[in-house]
Structure formats: structure tokens, C-alpha cells
Amino acid sequence: MTGMMKGVERKPVDEEAWQPWVDTVAASVGMDPSTVSIPIIHELTSAVSKARTRPMGPVAAHIWGLARGVHPEMDPEVLRQAIMAAAEER
């Protein structure tokens, strides 16, 4: 995925290059790394940053992660959509 941000071209998302780091960090807190979805996190933070302000993107990702822990029975996509919808509200 590439795009322009303030005249600067974004580097493509390279999940393969990032996966070893994700594996290490997930293991450090006793998590299964397969539960970490880099594309969903990027989509969520990007959408919230555009709908609100850039600093709210990581906050939304944090809330999404907490919601997944509180509601493990819920589809992570449903939780993501709920957060994105809330971000669109003014």
C-alpha cells in the first residue's frame, strides 16, 4: 500500500519484515502472535486518524486491543467496525 502524506510517499507495508518483531513482542507478554493483525491495526489507526486527529489512531488501536480482551467471544472485525463508527460521530 502506498499513498501520499503531505507530499511524502509512504513506504509499502512489509508485514514479513515486521513479523519477527511482532512475534518477539507478543511472546514477551505471553500472547499468540497470530492474534496480531497488522493490516487491521493499520486500517483502524488510519481511518480514525482521518476521521478525528492523528493522535487518536493509536488510542483507537489500544481501545480495540482492550475490547478484544474484554470480549474474546466477539469477532475482532465487529469491534473494529464499532470503533470506526464511533470515530465518525461528531
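Everything quoted here is computed from the prediction, not taken from an experiment. (Residues numbered from 1 in each chain as written. Predicted model: local features only at pLDDT ≥ 70, side-chain atom pairs only at ≥ 80, totals over all residues. Heavy atoms only, no water.)

It is worth spelling out the overall build of the protein at this point. Within the protein, the regular secondary structure consists of four helices and two strands. Along the chain direction, N to C, the helices and strands of the protein fall in the order β-β-α-α-α-α. Projecting the C-alpha coordinates of the protein onto the three principal axes gives extents of approximately 40 × 35 × 20 Å. The buried share among the 90 residues of the protein stands at 20%. Within the protein, contacts between residues at least 6 apart in sequence are counted, and of these 37% link residues at least 24 apart. Summed over all atoms, the accessible surface of the protein reaches about 6,600 Å², with 62% contributed by carbon and sulfur. (Helix = DSSP H or I, 4+ residues; strand = E, 2+ residues; numbered from the N terminus. Buried < 20%, exposed > 50% of the residue type's maximum accessible area, 1.4 Å probe, protein only. Contact = heavy atoms within 4.5 Å. Areas by Shrake-Rupley, 256 points an atom, 1.4 Å probe, with all protein chains shown as cover.)

The terminal C-alpha atoms of helix H3 (residues 56-70), which comprises 15 residues, lie 21 Å apart, in line with the 21 Å expected from a rise of 1.5 Å per residue. The complete set of buried residues in H3 reads Gly57, Ala60, Ala61, Trp64 and Ala67. Relative to the axis of H3, the buried residues are bounded by an arc of 120 degrees and lie together on one face. The outward face of H3, more than 90 degrees from its buried face, is lined by the exposed residues Pro58, His62, Gly69 and Val70. In this structure, the buried residues of H3 make contact with helix H2 (38-51) and helix H4 (76-88). (Expected span 1.5 Å × (residues − 1). Arc of directions from axis to C-beta.)

Note that soluble globular proteins tend to have their nonpolar side chains buried in a common cluster. Leu44, Val48, Ala51, Ala60, Trp64, Ala67, Leu79, Ile83 and Ala87 form the largest nonpolar core, which has nine residues in total. Elements with a contribution of two residues or more to this core: H2, H3 and H4. When neighbours within four sequence positions are excluded, Ala87 is seen to be in contact with Val48, Ala51 and Arg52. (Core = buried A, V, L, I, M, F, W, Y, C linked by side-chain atoms within 4.5 Å.)

What follows is about the packing of aromatic side chains. What the rule picks out here adds up to zero aromatic pairs. A cation sits over an aromatic face here: Arg68 above Trp64, 4.9 Å from the ring centre. (Phe/Tyr/Trp six-rings, centres within 6.5 Å; stacked < 30°, edge-to-face > 60°. Lys NZ or Arg CZ within 6 Å of the ring centre and 35° of its normal.)

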